[in-house]
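Structural characterization, general
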There are 2 protein chains.
Amino acid sequence: MKPVVVLDKIMETAERLFYEQGYNLTGINQIIEEANISKPSLYNHFKSKNDLLLAYLDQAYSKWFEDLAIFTAGMTTPFDRLIALFDYRISRQIKTDFKGCAFVKISGEVSNDNIDVFERTKKYKNDIKAHVIDLVKQLDRPKDRLLSNDELAETIFSMLEGSLLMAKINKSYQPLEDAKNIVRKLV
Amino acid sequence: MKPVVVLDKIMETAERLFYEQGYNLTGINQIIEEANISKPSLYNHFKSKNDLLLAYLDQAYSKWFEDLAIFTAGMTTPFDRLIALFDYRISRQIKTDFKGCAFVKISGEVSNDNIDVFERTKKYKNDIKAHVIDLVKQLDRPKDRLLSNDELAETIFSMLEGSLLMAKINKSYQPLEDAKNIVRKLV
DNA sequence: GTCTATAGAAGGATAGAC
DNA sequence: GTCTATCCTTCTATAGAC
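Residues numbered from 1 in each chain as written. Chains lettered and ligands numbered in written order. Predicted model: local features only at pLDDT ≥ 70, side-chain atom pairs only at ≥ 80, totals over all residues. Heavy atoms only, no water.

For chain A, an unreviewed UniProt entry supplies the name TetR/AcrR family transcriptional regulator and the organism Mucilaginibacter jinjuensis.

Listed below in C-alpha cells is the structure:
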C-alpha cells in the first residue's frame, strides 16, 4: 500500500519510528523528514505530538487483533487458538528483531500521569487476557486437573507476557517456546 | 542517610528521577537543580548522561539483591524463599506506586544498540532467573509432579515477570498475589 | 491544506575563573 | 573540585504566504 495521502504517510512513518526508536527519541523533525511532508502539515492533522502517539496506539491495537484473526483463521479448536497466541507472538518478534510489546515500550516512556496512554495500555493487555479467559472456558478439560479454569487462564496470560518480555531481553524466541510447551502440559 | 558528598547527591537524585519520571524525561538541568549542585560538578563525576545512567543501573542491581537478602533473612526453606520473591516484589511495588521494573523501563527508553544498557538488563533478569532455578533445585519435590524442575523454574520466573508487568499496568498487586497462589499449587 | 521561515524553550556539554 | 557563564544543537509548535 503506497501512501498517497499525507495522513497515511504520517501514520506509516510514526508507527515505524515510534516502535523502532522509541517515542521520546523520535522527533517531529525526523517524522516529517522521512514522511516527506512539512511540519505544519503534521500539525494540521494532529494538534500535538502526544495526539499522534494516541493515534499510533489506537492503530497498533486494531492491527494486533486483526492480524491475530488472520493468523488463527484456519484453526477450529480453542486449544489450537491458545497455543497460537504464543506462535503469533514468536512470528511477530522475529519480524521486528525482538523489540517487544509496543504498548509496554510506550508506557515505560511517558509520564505516569499520561492517562490517555495508561488507559490504552490497560485496555490492550486486559483485552488479550479476556481472550485467553474466553478460550480456556471453551476447553473441554477433565475435572481433576491441578489448576482451575481461572488459574489456568491467569497462568497462560502471565506466561505470555513474561516470556515475551524475556524474549525481548534475550533477543530469542526460546522463552516463548518454553512457555508454550509448559502450557501444553498444564491444560 | 543525608548526602554530604556531591556524588551521593547526584546518585540519590538521579535514582529518584530516572525511576519516577523516566530517563529521557529527566534532563541534566533538573538533576543538578534538585541535587543543588552545578553542571560542571556533575560532568566531573560522569563524562555523559549515559554514563550516569549506567551507574544508576549498577546501583539498582546491587540494591535489589541486597534488599532481597534482607527481606528473606529469617527464611530457611527454599519454598519460603520462592514465595518470598512474589511478596518482595509486592512490597516494592506498593512502595513505588506500581512503577514497575526499573530495568524494563530503561530498556524500553534507550536505543536498541545501547549495548551497555542492554547487557545490564540481560544480566539482571537472568540472575533473578538463576536464583529461581537454584531454589527450585533445593525443593524436595515428589517425582510424580506435573512439571519437571526446569519447567517449574521457567514457569515461576515467567509468571514473576508477567505478573509484575500486569501489576504495573493495572496499578494493583493482585496479579502478583494470583501468581503466587498458583505457584504454591504447581510446586 | 500545504508550504517557508521562525519563534521560544530546553536539551547536553564545556571554557575558564577560583 | 566546584563554581558562573555560555555554546551549539535540537526540540515542539506557530505565523503568515500561497
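From this point on, the discussion continues.
1. Digging into the packing of helix α6 (residues 102-109) of chain B against helix α7 (residues 115-138) of chain B
Residue and element names in this part refer to chain B. Under the convention used in this document: The angle between two axes is taken between their N-to-C directions and runs from 0 to 180 degrees, where each axis is a line fitted to C-alpha atoms and a helix contributes only its stretch in contact. Each helix is a run of DSSP H or I of at least 4 residues and each strand a run of E of at least 2, with the numbering of both proceeding from the N terminus. Roughly parallel means an angle under 35 degrees; roughly antiparallel means over 145; roughly perpendicular covers 65 to 115; every other angle is labelled oblique. Each helix crossing is assigned a hand: it is left-handed if the near helix lies turned anticlockwise from the far helix by less than a right angle, otherwise right-handed if that turn is clockwise. Any two residues whose heavy atoms approach within 4.5 Å at even a single point are treated as in contact. Polar here means any residue outside two lists: the nonpolar Ala, Val, Leu, Ile, Met, Phe, Trp, Tyr, Cys and Pro, and the charged Asp, Glu, Lys and Arg; Gly therefore counts as polar.
Taken N-terminus to C-terminus, the directions of α6 and α7 make an angle of 155°; their axes are 10 Å apart at the nearest point. One element, α6, and the other, α7, form an angle in the roughly antiparallel class. Judged by the twist between their axes, the crossing of α6 over α7 is left-handed. Here Phe103, Val104, Ile106 and Ser107 of α6 come into contact with α7, specifically with Val117, Arg120, Thr121, Tyr124 and Lys125. Considering only residue class, the contact of α6 with α7 consists of five nonpolar, two polar and two charged.

2. A closer look at the relation of the copies chain A and chain B
Put simply, the test is: For this overlay, a least-squares fit was computed on C-alpha atoms, restricted to residues scoring pLDDT of at least 70 in both copies.
Once chain A has been moved 0.0 Å along the axis and rotated by 180°, it coincides with chain B to within an RMSD of 0.0 Å. Here the copies are linked by what is in effect a two-fold axis. Relative to the rotation axis, the closest C-alpha in chain A is found at Gly162 of chain A, a distance of 1.9 Å. Interface overlap between copies is the fraction of interface residues in one copy that are interface residues in the other; for chain A against chain B it reaches 100%, indicating a shared surface.

3. With respect to the pattern of salt bridges
This is how the line gets drawn: We define a salt bridge as a contact between a side-chain nitrogen of Lys or Arg and a carboxyl oxygen of Asp or Glu at a distance within 4 Å. Burial classification: accessible surface area is computed with a 1.4 Å probe over protein chains only, and a residue below 20% of its type maximum counts as buried, one above 50% as exposed, and the rest as partly exposed.
By the definition in use, this model includes 24 salt bridges over all chains. The residue Lys185 of chain B makes a salt bridge to Glu151 of chain A at a minimum N-O spacing of 3.0 Å. Of this pair, Lys185 of chain B sits in helix α9 (residues 174-186) while Glu151 of chain A sits in helix α8 (residues 149-170), each in a different chain. A relative accessible area of 33% places Lys185 of chain B in the partly exposed class. Within the structure, one salt-bridge network assembled from shared partners comprises Asp87, Glu177 and Lys180 of chain A.

4. A closer look at the interface of chain A and chain B
Rules: Simply put, the buried area is the total loss of 1.4 Å probe accessible area from both parts when two parts are fitted together.
At the interface, 40 residues of chain A touch 40 residues of chain B. Approximately 3700 Å² of surface area, both sides summed, lies buried where chain A meets chain B, with 63% of it carried by carbon and sulfur atoms. For chain A, the biggest contributors to the area lost against chain B are Asn112, Leu146 and Ile169 of chain A; these three give 16% of the whole. Inspection of the chain A/chain B interface yields two salt bridges.

5. Here's the deal with the nonpolar core
Heads up, the rule is: Here the nonpolar core consists of buried residues drawn from Ala, Val, Leu, Ile, Met, Phe, Trp, Tyr and Cys, with membership extended through side-chain atoms lying within 4.5 Å.
Ranked by size, the top nonpolar core spans 120 residues in total, and within it Leu52 and Leu53 of chain A together with Leu52 and Leu53 of chain B carry the most contacts. With near-sequence residues (within four places) excluded, Leu53 of chain B lies in contact with Phe18, Tyr23, Ile106, Val110 and Val117 of chain B.

6. Quick look at the domain arrangement of chain A
Residue and element names in this part refer to chain A. What counts is decided by this rule: Here the bounds of each domain stem from an automatic or database domain assignment. The definition of a polar contact used here is a pair of N or O atoms within 3.5 Å, where within protein one atom must be able to donate a hydrogen and the other to accept one, and adjacent residues in sequence count solely through side-chain atom pairs.
Examined at the domain level, chain A breaks down into domain 1 (1-45) and domain 2 (58-186). A C-alpha centroid distance of 28 Å is found between domain 1 and domain 2. If you look at the interface, domain 1 gives nine residues, while domain 2 gives 12 residues. Of the roughly 800 Å² buried where domain 1 meets domain 2, counting both sides, 54% is carbon and sulfur surface. Three residues stand out in domain 1 for area buried against domain 2, namely Glu15, Tyr19 and Tyr23, and they jointly supply 62% of the buried area on that side. At the junction of domain 1 with domain 2, the criterion picks out one salt bridge. The shortest N-O distance in the salt bridge between Lys63 and Glu15 comes to 3.2 Å. Across the contact surface, domain 1 and domain 2 share six residue pairs in polar contact (both at pLDDT 80 or more). Partitioning the side of domain 1 that touches domain 2 into residue classes produces five nonpolar, two polar and two charged.

7. Here we look at the protein's contact with DNA strand D
Heads up, the rule is: Proximity criterion: a residue is near a molecule or strand once any of its heavy atoms comes within 4 Å of it.
If you check the shell around DNA strand D, you find 16 residues, and the closest are Ile28, Lys39, Tyr43 and Lys49 of chain A together with Pro40 of chain B. Sugar plus phosphate: this is where 55% of the atoms of DNA strand D within 4 Å of the protein reside. Taking Lys39 of chain A, its side chain carries an N or O atom lying 2.8 Å from a base nitrogen of DNA strand D. In the environment of DNA strand D, a phosphate oxygen lies 3.2 Å from a nitrogen or oxygen atom belonging to the side chain of His45 of chain B. When residues of the surface near DNA strand D are traced back to their parent elements, those giving at least two are α2 (28-35) and α3 (39-45) of chain A together with α3 (39-45) of chain B.

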